[in-house]
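This is what each chain is made of:
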Amino acid sequence: MKPLGILLWAAGAGLAAYAMFVFDPSVEGGTFGGRVVNLALQQQQMMMTVCGAALFVAGVVLHAFAATRPRAAAAAAQPMDKRSWWQAYRDEVARIGAETDEKAP
């Protein structure tokens, strides 16, 4: 997940940067002279920016979860406890020397 997260946040940052700094939503003005903003191109620029931001956030989340997730090798090194929760509780109580009720669930 970590490489996918890096790829997503890099693509999102690149798309948002392209939409904000390179994409030109204006067209030739014709009889008005100069350039005028085309609303369809402006909406496309906004959608590119929103999609880039969403990709960036998704990438950061995936990258963060991959960094905090325990590794499979570390999890495999610890033995699995096959006891029931009640047996584990009774063993712990016996280990610390406390008294328990003898009611079983």
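As shown above, the structure is provided for reference.
Residues numbered from 1 in each chain as written. Predicted model: local features only at pLDDT ≥ 70, side-chain atom pairs only at ≥ 80, totals over all residues. Heavy atoms only, no water.

## Some thoughts on the pattern of salt bridges
For the structure on display, the rule yields three salt bridges. Two residues, Arg 95 and Glu 92, come together in a salt bridge whose shortest N-O distance is 2.6 Å. Of this pair, Arg 95 and Glu 92 both sit in helix α4 (residues 85-96), three residues apart, which is roughly one turn of that helix. Using a relative accessible area of 60% as the deciding quantity, one classes Arg 95 as exposed. (Salt bridge = Lys/Arg side-chain N within 4 Å of Asp/Glu carboxyl O. Helix = DSSP H or I, 4+ residues; strand = E, 2+ residues; numbered from the N terminus. Buried < 20%, exposed > 50% of the residue type's maximum accessible area, 1.4 Å probe, protein only.)

## Brief notes about the packing of helix α1 (residues 2-21) against helix α2 (residues 39-68)
In the contact formed by α1 and α2, the axes pass within 7 Å of each other and the chain directions differ by 155 degrees. As far as their axial angle goes, α2 and α1 are roughly antiparallel. Read as a crossing pair, α1 and α2 show a hand that is left-handed. Of the residues contributing to the contact of α1 with α2, the split by class is 17 nonpolar, seven polar and one charged. (Axes fitted to C-alpha atoms, helices over the stretch in contact; angles between N-to-C directions. Parallel < 35°, antiparallel > 145°, perpendicular 65-115°, else oblique. Left-handed = near helix turned anticlockwise from the far one by under 90°. Nonpolar A, V, L, I, M, F, W, Y, C, P; charged D, E, K, R; others polar.)

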